[in-house]
2 protein chains.
Amino acid sequence: MTGPLPAFQRVSAGLFFLALWGMVVGDKLLVVPLDGSHWLSMKDILEHLSGRGHDIVVLVPEINLLLKESKHYTRKIYPVSYSQEELEDRFRSFGNLQFAERAYVTAALMEYKNSMVVIDLWFFNCQSLLKDSNTLNFLKDSKFDALFTDPGLPCGVILAEYLQLPSVYLFRGFPCSLEHVLDFAGSQCPNPSSYIPQLLTTYSDHMSFLQRVKNMLYPLALNLFCSTVFGPYPRIASELFQREVSLVDVLSHASLWLFRGDFVLDYPRPIMPNMVFIGGINCVSRKPLSQEFEGYVNASGEHGIVVFSLGSMISDIPEKKAMAIAEGLGKVPQTVLWRYTGTPPSNLAKNTILVKWLPQNDLLGHPKTRAFITHSGSHGIYEGICNGVPMVMMPLFGDQMDNAKRMETRGAGVTLNVLEMTSDDLANALKKVIYDKSYKENILRLSTLHKDRPIEPLDLAVFWVEFVMRHKGAPHLRPAAHDLTWYQYHSLDVIGFLLAITLSVSFITLKCCAYGFRKCFGKKEHVKKTPKSKTH
Amino acid sequence: MTGPLPAFQRVSAGLFFLALWGMVVGDKLLVVPLDGSHWLSMKDILEHLSGRGHDIVVLVPEINLLLKESKHYTRKIYPVSYSQEELEDRFRSFGNLQFAERAYVTAALMEYKNSMVVIDLWFFNCQSLLKDSNTLNFLKDSKFDALFTDPGLPCGVILAEYLQLPSVYLFRGFPCSLEHVLDFAGSQCPNPSSYIPQLLTTYSDHMSFLQRVKNMLYPLALNLFCSTVFGPYPRIASELFQREVSLVDVLSHASLWLFRGDFVLDYPRPIMPNMVFIGGINCVSRKPLSQEFEGYVNASGEHGIVVFSLGSMISDIPEKKAMAIAEGLGKVPQTVLWRYTGTPPSNLAKNTILVKWLPQNDLLGHPKTRAFITHSGSHGIYEGICNGVPMVMMPLFGDQMDNAKRMETRGAGVTLNVLEMTSDDLANALKKVIYDKSYKENILRLSTLHKDRPIEPLDLAVFWVEFVMRHKGAPHLRPAAHDLTWYQYHSLDVIGFLLAITLSVSFITLKCCAYGFRKCFGKKEHVKKTPKSKTH
């Protein structure tokens, strides 16, 4: 019982050495972030990298939402052609549009239009950046060791290629979906459609026959949307490089993919050696509650609290919907802490407290928290998993429907359609996840599995970004598949060759047999016939 | 520069917690080992698991080579039907046969016969074990938490299924090859033949067209061998379970695969979430040299030493070959430490010291070691990589040819054909890897990459075996592909369905058009014709 602890000692020694190494050398990292919620995990990683002595430069558009100053990095600001009002208007409009009623037939079109409100803006950013020769010259002269970016919108990806820097991508989705979406595989990760549900389908990994049919056809339908979203990027890239490039070419040069996922939330599937899973990276560090929130929690009595937030992108909710929600919340005995910056609904019940901001992860970690109402963005979902809090999910856009479906199939939450739900639906869902013990048991089981890991996701992310900086990439992890054409990859040329040989051999054999047959029997018949004719 | 070290602190805390956890709970592990060199890494892992308070029972045939008593585990011995002499004779014979001259056309047959000398023995073992009701009853009553085995020969795999225990497999090869070898995928890991060389082909991941053709056909040729090696196992399994099972069925229940490989030695390829890579697990701990070996090394002067071992399975070399080797070794200025238990060659040079055993990893780690002559078994290769020693490789059987090829393509060693090489070939190869600096540079580069990892392979192995014991398996890492038939997995039913629809729609459209065409133009012609006939 007092045996040695070699694991502990050796890992500690290793990381201590790495810590020293990072501090002494201080590599130089260029960061191209995506404004909005995606920035949050990236910021955590940067703070840790900065603490380990690295020199970090973050490329920031002069007008932005969350990319604020920090002692952990230097901001290199580039000009953009829109104002702070326009930016905020667009984000507000994006949020509001999520609650707009939509007819079934036009839902996809509306979804597309909503997304483009923000996506267009990001493209303007990228265009401004790649045309700003001052910034480009500064970047070229700065001699970075690596580039760290979110390839969700691939401006950083293009910049990595332009500056010839090894790159690390921080991403939630699977690039494997890009195999279908963007011409051909950015990561060369196999993606069998028979058990891997396409992003946004909300299918599980066990699909019915018809679901498998739809799952196979889905990327074709999605192509239209994707070509609009991603289409302009290869154009500006080709212009910048003065040669034709496809987005997949550029994406395929990633040294390492950091995925904000794991196999507690996502379904098990093939992965590649240069993919590292860091789901839950955002919920490792927990701080004590402030006096204000400690007060709310303590006052909640035996019923405890419900934490409610629709994420950083949704600041407002249409009045009618807000009132329905407020009514629903009033029907449960728990105290509800609702992060809401819009006009307070007039029917707000006594148990509901509106706050402009809440320490979500710290609150979820409190033993008195009974449920979590979330838009099921991946950050929120992981905070729910880490802290073992059953969820009522109101997915709005992007991967949120998929996240919600995954938690629901695992019995750890209930999904509501925010557009159609009534106040009773909300109250019933809340009561279900709080009083039906199976929800708590399931989320606790997921939580235990998620947190039982040999190394924390934040440390893993820091290690791999440093690895890429130290070794100027990770070419030993790059599959040779990148050097094959699509028909070579699928061995179509080999299959064609083998088929041709088989057919040729069969044909020749057949011909030989036929010839032999004629030789052997044909003549005899002829011989037989001749005497016959003679007897005539 | 004096920032916090959260990575270090958090990992330490995590592992400390785990260490305590393991010690307090002390799970119960059943181990079914494979006698011979495969046992060495497994033993290391067991010693660490035992140090963490787990109760380990190793199933050992009463007649064995290396499965000796230890304070770290209890041995449960089962009877076998052969004697110690027969065992040793067979291993000796196996070793000697590796050096027998062979004609090109009969080489494969001879290889097969050589392998069966040992493989047959392992099957006898398995048969004895699975028919020994005393042992089986003891195992059933013992309530283990998990089973740990080497699936190279799948007796443990069958036992895991029989006892309904979650299992961890320790393996060098890729089970993905089993996709071709054993009917259908034990792991459901994709295995595109276009860039993943089949085991034993010695191809790299960049193959010519003809190599890709051969790589695709190779499994068909190998099938014959594999069905002889593995064929008897499903038979005894079916008998034991009293229902028909295939080996792939049984293999597919693995909770976790621990692979003795990494992507410094192996080529990057798709992997699955339940595969963990622990290559180099055997060369982490290094001890100071004994006085005897310290003496040899110090006496070697400026030229340093060469370490020479053909592994634990080869104890003897035919006299003629041994003399050629001795002559070659005499031609270099280094002191050669040769692990050799046969009769000393009469022409042994002064620089060559024969030893019955040598501390291989400790010697390779000495700065005076200039080269390593190895049979390129994976243990030896990883000790060469860890310690950054260029290698002269004399592969004999199994994956050794592949290992040698991989190191050679990376410029870290030279491969010799042990059957055909002359003494000059050996001397020249040694001089090349010692005096051509590129070999040292390349092996040092590989060594740096290999050792730059967030967690040591031994700790990773210990963590995952404990994980499977703690959670009674790892079902969240099991891909849903296991629940599909082969035609569903490849979406052949979906493709067939879509084709049928496309063809039906095309056919109906065509028919409709034809009908419409006849309706529109057919009648007119008829109408036109009628007047014509009237005019006649």
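Please read all numbers here as calculations on a predicted model, not as lab measurements. (Residues numbered from 1 in each chain as written. Chains lettered and ligands numbered in written order. Predicted model: local features only at pLDDT ≥ 70, side-chain atom pairs only at ≥ 80, totals over all residues. Heavy atoms only, no water.)

1. Topic: the domain arrangement of chain A
All names here are of chain A. We apply this condition: The domain limits used here are those given by an automatic or database domain assignment. Any pair of residues with heavy atoms lying within 4.5 Å of one another is described as a contacting pair. Here's the idea: put two parts together, see how much 1.4 Å probe accessible area each one loses, and the total over both is what we call buried area. In what follows, salt bridge is the name for a side-chain nitrogen of Lys or Arg lying within 4 Å of a carboxyl oxygen of Asp or Glu. Here a polar contact is taken to be a pair of N or O atoms separated by no more than 3.5 Å, where protein atoms must pair a possible hydrogen donor with a possible acceptor and residues adjacent in sequence count only if both atoms sit in side chains.
When its domains are assigned, chain A resolves into domain 1 (11-283 + 456-476), domain 2 (291-451) and domain 3 (479-509). Just the C-alpha atoms count here: the centres of domain 1 and domain 3 sit 36 Å apart. With seven residues of domain 1 at the contact, the number on the domain 3 side is six residues. At the boundary of domain 1 with domain 3, total buried surface from both sides reaches about 560 Å², with 63% on carbon and sulfur atoms. At the junction of domain 1 with domain 3, the criterion picks out zero salt bridges. Where domain 1 packs against domain 3, one counts one residue pair in polar contact (both at pLDDT 80 or more).

2. Examining the confidence of the model for chain A
Fine structural detail should not be taken from predicted coordinates in areas where pLDDT scores are low. Residues and elements named next belong to chain A. Spelled out, the test is: Looking at any residue, its pLDDT shows the predictor's confidence there, from 0 to 100.
Counting all residues, the mean pLDDT for chain A is 87, and 90% of those residues have values of 70 or more. Long-range and interchain partners of residues 1-24, a stretch whose pLDDT sits below 50, account for 50 contacts in this model, where long-range means more than four residues apart. Counted against residues more than four places away or in other chains, residues 179-184, with its pLDDT under 50, gives 21 contacts. For this predicted complex, the interface confidence reaches an ipTM of 0.89, while the overall pTM sits at 0.90.

3. What to know about the packing of aromatic side chains
How we decide: The rule is short: rings of Phe, Tyr and Trp, with Trp giving its six-membered ring, pair when the centres are within 6.5 Å, and they are stacked under 30 degrees, edge-to-face over 60, tilted in between. Burial here depends on accessible area, computed with a 1.4 Å probe over protein chains only, as a share of the maximum for the residue type. Under 20% is buried, over 50% is exposed, and the range in between is partly exposed. Think of it as a cone above the ring: NZ of Lys or CZ of Arg counts as a charge over the ring if it is within 6 Å of the ring centre and within 35 degrees of the ring normal.
Tallied over the entire structure, the rule returns 42 aromatic pairs over all chains. Here the aromatic rings of Trp257(A) and Phe259(A) are separated by 6.0 Å at their centres, their planes lie at 5°, and the arrangement is stacked. We classify Phe259(A) as buried; its relative accessible area is 1%. Following the ring pairs from residue to residue traces out a cluster consisting of Tyr169(A), Phe171(A), Trp257(A), Phe259(A), Phe263(A) and Phe277(A). We note Lys76(A) situated over the ring of Phe138(A); from NZ or CZ to the ring centre the distance is 4.5 Å. One Lys or Arg, Arg470(B), reaches over the ring of Phe463(B) and ends 5.6 Å from the middle of that ring.

4. Notes on the state of the cysteines
All names here are of chain A. In plain terms, the rule: Counting rule for disulfides: a pair of cysteine sulfur atoms within 2.5 Å. Helix and strand definitions here come from DSSP, where helices need a minimum of 4 consecutive H or I residues and strands a minimum of 2 consecutive E residues; each element is numbered from the N-terminal end.
One pass over the full model with this rule turns up four disulfides over all chains. One disulfide bridge connects Cys-283 with Cys-386, the sulfur atoms lying 2.0 Å from each other. With Cys-283 in the loop between β7 (275-277) and α11 (291-298) and Cys-386 in helix α14 (residues 378-387), the pair connects residues that are 103 residues apart, well separated along the chain. Free of any disulfide, Cys-513 has its nearest cysteine sulfur in Cys-512, 6.9 Å distant. By relative accessible area, which is 48% here, Cys-513 ends up partly exposed. Free of any disulfide, Cys-520 has its nearest neighbouring cysteine sulfur in Cys-513, separated by 10 Å.

5. Focus: the pairing of strand β6 (residues 256-259) of chain B
Residue and element names in this part refer to chain B. Formally: Criterion used throughout: strands pair if DSSP finds at least two bridges between them.
Of the two faces of β6, the one carrying Leu-256 and Leu-258 and the one carrying Trp-257 and Phe-259 are both buried. Inspection of the sheet shows strand β5 (residues 167-171) paired to β6 by four bridges, in the parallel sense. Bridging from a neighbouring strand, Val-168 pairs with Leu-256 of β6.

6. Some thoughts on the UniProt feature "transmembrane region" (unreviewed entry) in chain A
Note the following rule: UniProt positions are given in the numbering used here, feature names are shortened, and annotations may be inferred rather than shown by experiment.
Within the UniProt annotation, "transmembrane region" (unreviewed entry) is assigned to residues 494-517 of chain A. Structurally, residues 494-517 of chain A comprises 100% helix and 0% strand, and the distance from its first C-alpha atom to its last is 34 Å.

7. Topic: helix α17 (residues 437-451) of chain B
In an α-helix there are 3.6 residues to a turn, and that puts residues three or four apart on one side. Counted only if it meets this: Helix span, as expected, comes to 1.5 Å for every residue beyond the first. The arc in question is formed by the directions pointing from the helix axis toward the C-beta atoms.
Over its 15 residues, α17(B) extends 21 Å from the first C-alpha to the last, a length consistent with the 21 Å expected when each residue adds 1.5 Å. Residues of α17(B) that are buried: Tyr439(B), Asn442(B), Ile443(B), Leu446(B), Ser447(B), Leu449(B) and His450(B). Take α17(B) and look down its axis: the buried residues cluster within an arc of 165°, on one side only. Facing away from the buried side of α17(B), by more than 90 degrees, are the exposed residues Lys437(B) and Glu441(B). The inward-facing, buried residues of α17(B) abut α18 (457-471) of chain A together with α14 (378-387), β12 (391-393), α15 (400-409), β13 (413-415) and α16 (423-435) of chain B.

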